[in-house]
Amino acid sequence: MPAITREDVYSYLINSVGSDELFASAREMRRQVFGDKIFMYGFVYFSTWCRNNCNFCYFRRDNNIERYRKPKDEVLKIAMELADSGVNLIDLTMGEDPAYHSDGFEDAVSIVWEIKKRGVPVMVSPGVVGEEVIDRFSDAGADWFALYQETHNRELFAKLRVRQDFDERMECKRYARRKGLLIEEGILAGVGESEGDIAESLMQMGDIGASQVRVMSFVPQVGSPMENAATPDRIKEYKIIALMRLLYPYALIPASLDVDGIAGLRKRIEAGANVVTSIIPPRSGLMGVAQCTMDVDEGGRTFSEAAAVLEGMGLRAASRDEYKECIGGLK
């Protein structure tokens, strides 16, 4: 399939037909570049405290919920359990926790050091931080810096990420890229965006040099201003995944277990995704993001469960060495 344009993206998004051909093209593109390999990410959401008041988020500052801040030893224990299970990378995610901001992310940086000493790739998702903090994560050996814009429509951004600076968030990613970190960018589907907004976001992802691009369907969160909004038809997310694959053949594109659990994995892989993300050990005391408890304690988000789904599709979980070779090529 020839390279697609912004106009092609828009046309696919507004057209109700042709999805099967789109997904088939995306799978073929993935096969040509990655063969039968699918990468696996362990997810450690180690602090649910946040200084922000995002209208879509369960963990927003003003939501009256139980929260946790995992101690360093517990984070490392969970991370190593995930690594031993076979995941290729540890995704260290947190809210914009004021406690970490006040101490310069000392514990978070030391956790990265410890995981990297054991030969496991690391992604950090600390929110908007200063250049000196990004420098420290880079020096500690972090491979990825994840910071999602959710939308590149400035008016919609202001409604979603209340009193946050669009340009500051974008520049944070650009600086991390200049420091040699790989960048993950992401959008939300179903929060009031137009098809044109989605097309613009997909182009912006390329413009900032994102090597991992993702989309997640919006899930209404109890206690948030958007709790009564509707969640979108998942076909929208699947089509965006496929378009990302065709636009960026070498990109890593997550199929998140955080939206629909293990039951939603197959459709996202069929749309062209090549990463299973948000793998969480059962009974770990961790939460997810979009669906904070779905399949977590029950064991439905383990490496073995996800690998079994892939095997049934004629695919396989990649080895850690294969993953390191892949991201080495992206740097």
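For the structure itself, look to the data block above.
None of these values were measured; they are calculated from a predicted model. (Residues numbered from 1 in each chain as written. Predicted model: local features only at pLDDT ≥ 70, side-chain atom pairs only at ≥ 80, totals over all residues. Heavy atoms only, no water.)

1. Observations regarding helix 14 (residues 320-330)
Operational definition: Here the term buried applies to any residue with accessible area under 20% of the maximum for its type, exposed to any over 50%, and partly exposed to those in between, with areas from a 1.4 Å probe on protein chains only. Runs of H or I in DSSP of at least four residues are treated as helices and runs of E of at least two as strands, each being numbered from the N terminus. In this description, one arc is meant: the one made by directions from the helix axis to the C-beta atoms. Contacts between residues were defined by any pair of non-hydrogen atoms, one from each residue, lying within 4.5 Å.
By the burial criterion, the buried members of helix 14 are Y323, C326, I327 and L330. When helix 14 is viewed along its axis, its buried side chains cluster within an angular range of 90° and face the same direction. Opposite its buried face, helix 14 presents the exposed residues D321, E325 and G329, each directed more than 90 degrees away. Buried residues along helix 14 sit against helix 2 (19-34), strand 1 (37-47), strand 2 (89-94), strand 4 (144-146), helix 8 (166-178) and strand 5 (182-189).

2. Re the packing of aromatic side chains
Cut-off, in case you're wondering: Any two of the Phe, Tyr and Trp rings considered here, Trp counted by its six-membered ring, make a pair once their centres fall within 6.5 Å; the pair's planes then place it as stacked at under 30 degrees, edge-to-face at over 60, or tilted in between. By definition, being over a ring means that NZ of Lys or CZ of Arg is both within 6 Å of the ring centre and within 35 degrees of the ring normal.
Here the structure, examined in full by the defined rule, presents 10 aromatic pairs. Between F105 and F137, the aromatic rings sit 6.1 Å apart at their centres with planes inclined by 65°, giving edge-to-face as the arrangement. With a gap of 32 residues between them, F105 in the loop between helix 4 (98-102) and helix 5 (106-117) and F137 in helix 6 (residues 131-140) connect regions that are remote in the sequence. As far as burial versus exposure is concerned, F105 and F137 are alike and both buried. Measuring from centroid to centroid gives 5.1 Å for F157 and F166, while their planes differ by 80°, and the two rings are edge-to-face. Given the relative accessible area of 2%, F157 is considered buried. Given the relative accessible area of 11%, F166 is considered buried. Joined through ring pairs, the aromatic side chains of F34, F39, Y41 and Y323 make up one cluster. Across from the ring centre of W49, 5.6 Å away, lies the NZ or CZ of R67, which sits over that ring.

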